[in-house]
Amino acid sequence: MVKVRRRARIVALQTLFEVDIAHHQPERVLLQRLEDTNLPQRGEEFARSLVSGVLKHQERLDPLIREHAPKWPLEQMALIDRNVLRIALFELLVAQSAPVKVIINEAVELAKLFGSDSSYRFINGVLGTLLDHRAQLPDIPSHLEYGERR
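Report on the accompanying structure.

Conventions adopted
- Positions within a chain are numbered from 1, following the residues in the order the chain's sequence is written.
- Local features are withheld for residues below a pLDDT of 70 in this predicted model, meaning they are given only at 70 or higher, and side-chain atom pairs are given and counted only at 80 or more; totals for whole chains, interfaces and linings count all residues.
- Computation of side-chain values covers all heavy atoms of the structure but excludes hydrogens and water.
- Think of it this way: a Phe, Tyr or Trp ring, Trp meaning its six-membered ring, pairs with another when their centres are within 6.5 Å, and the plane angle makes it stacked under 30 degrees, edge-to-face over 60, tilted otherwise.
- Segments assigned H or I by DSSP are reported as helices when at least four residues long, segments assigned E as strands when at least two residues long, and all are numbered from the N terminus.
- Definition used: whenever NZ (Lys) or CZ (Arg) falls within 6 Å of the ring centre and also within 35 degrees of the ring normal, the charge is taken to sit over that ring.
- An axis is simply a line fitted to the C-alpha atoms; with a helix, the fit covers only the stretch in contact. Between two such axes, the angle follows the N-to-C directions and lies from 0 to 180 degrees.
- These descriptions rest on fixed angle ranges, namely under 35 degrees for roughly parallel, over 145 for roughly antiparallel, 65 to 115 for roughly perpendicular, and the rest for oblique.
- In this scheme, a crossing is called left-handed if the near helix is turned counterclockwise away from the far one by less than a right angle; it is called right-handed if the turn is clockwise.
- In what follows, residue pairs with any heavy atoms lying within 4.5 Å of each other are defined as contacts.
- Polarity classes work like this: nonpolar for Ala, Val, Leu, Ile, Met, Phe, Trp, Tyr, Cys and Pro, charged for Asp, Glu, Lys and Arg, and polar for all others, with Gly in that last group.
- The span expected for a helix works out to 1.5 Å for each residue beyond the first.
- The cut-offs for exposure are 20% and 50% of the maximum accessible area for each residue type, with area from a 1.4 Å probe on protein chains only; residues under the lower value are buried, those over the upper are exposed, and the others partly exposed.
- What makes a nonpolar core is a set of buried Ala, Val, Leu, Ile, Met, Phe, Trp, Tyr and Cys residues whose side-chain atoms join them at distances within 4.5 Å.

### Brief notes about the packing of aromatic side chains
The geometry of an aromatic ring pair is captured by the separation of the ring centres together with the interplanar angle, meaning the angle of the planes.
Then, number 1: A full pass over the atoms with the stated rule returns 1 aromatic pair.
Then, number 2: Summarising the aromatic geometry, the rings of Trp72 and Phe122 are spaced 5.9 Å apart at their centres and angled 70° between planes, so their arrangement reads as edge-to-face. Placement of Trp72 in the loop between helix H3 (41-68) and helix H4 (79-95) and of Phe122 in helix H6 (residues 119-132) is noted, with a sequence separation of 50 residues between them.
Then, number 3: Of note, Arg5 hangs over the ring of Phe46, and the distance from its end group to the ring centre comes to 3.8 Å.
Then, number 4: Over the ring of Tyr120 we find Lys112; its NZ or CZ atom is 5.2 Å from the centre of that ring.

Given below as structure tokens:
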């Protein structure tokens, strides 16, 4: 059985993907995804927080993706990869609701489930590069160790 938070991340990814590709209303898309998924209340709340958080902070997240994946223009990046990275960065930088290692592992698993054969390596590489440079990022405390929770 897939864990509640992973299922919530899947719902968030599917929602953000549809919003990104079809420009549908986020709330309407999320509501439909939640109706199609049997998530407990805490899972629904987590999915909502991911979707609203990514959309609210997208202007802050996208430049970080551009900076740490310079060979892949954001506009040309696979939509799944782009949205997996947005979710992971939101969780790392803003929500900080899970240990760093868990967030990265979950992002890699989402990429394996929904991305191309090489997506998970790309996601892992971008997030690893970002963490290697976290001392230069005011949003990620340099004392935050891989696997630690704030």
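### Considerations on the packing of helix H1 (residues 4-22) against H4
Then, number 1: At their nearest, the axes of H1 and H4 sit 9 Å apart, and the two run at 125° to each other. Classed by the angle they form, the pair H1 and H4 counts as oblique. Pair H1 / H4 crosses with right-handed handedness. Here Arg5, Arg9, Ala12, Leu13, Leu16, Phe17, Asp20 and Ile21 of H1 lie close against H4, whose contacting residues are Leu79, Ile80, Arg82, Asn83, Val84, Arg86, Ile87 and Glu91.
Then, number 2: Counted by class, the contact of H1 with H4 contains 9 nonpolar, 1 polar and 6 charged residues.

### Looking at helix H5 (residues 100-114)
Then, number 1: Along its 15 residues, H5 runs 21 Å from first to last C-alpha, staying within 8% of the 21 Å computed at 1.5 Å per residue.
Then, number 2: Inspection of H5 places Val100, Ile103, Ile104, Glu106, Ala107, Val108, Leu110 and Ala111 among the buried residues, and these make up the whole buried set.
Then, number 3: Elements that come into contact with the buried residues of H5 comprise H1, H4 and H6.

### Some details on the nonpolar core
Then, number 1: Core analysis: the largest hydrophobic core is formed by 44 residues, its most contacted members being Leu85, Leu89, Ile123 and Leu127.
Then, number 2: Per-element accounting of this core gives the leading share, 9 residues, to H4.
Then, number 3: Residues contacting Leu127, with those up to four places away along its chain left out, are Leu85, Ala88, Leu89, Leu92, Ile104 and Ala107.

### Comments concerning unusual backbone geometry
Then, number 1: Even without being glycine, His23 reaches a positive phi, approximately 60°.
Then, number 2: As for its placement among the helices and strands, His23 is situated in the loop between H1 and helix H2 (26-36).
Then, number 3: Exposure remark for His23: the relative accessible area of 64% places this residue in the exposed category.

### Points about the environment of Leu61
Then, number 1: Checked against the element boundaries, Leu61 lands in helix H3.
Then, number 2: Spatially, the C-alpha atom of Leu61 lies 7.1 Å from that of Phe90, the residues being 29 residues apart in sequence.
Then, number 3: With residues up to four places along the chain from it excluded, the contact list for Leu61 reads Val54, Arg86, Leu89, Phe90 and Leu93.

### Some details on the packing of H4 against H6
Then, number 1: For the pair H4 and H6, interaxial distance at closest approach is 10 Å and the crossing angle is 35°. The two elements H4 and H6 meet at a crossing, and its hand is right-handed. Counting all contacts with H4, which are made through Asp81, Val84, Leu85, Ala88, Leu89 and Leu92, the residues of H6 involved are Ser119, Phe122, Ile123, Val126, Leu127 and Leu130.
Then, number 2: Classifying every residue of the contact of H4 with H6 by side-chain character gives 10 nonpolar, 1 polar and 1 charged.

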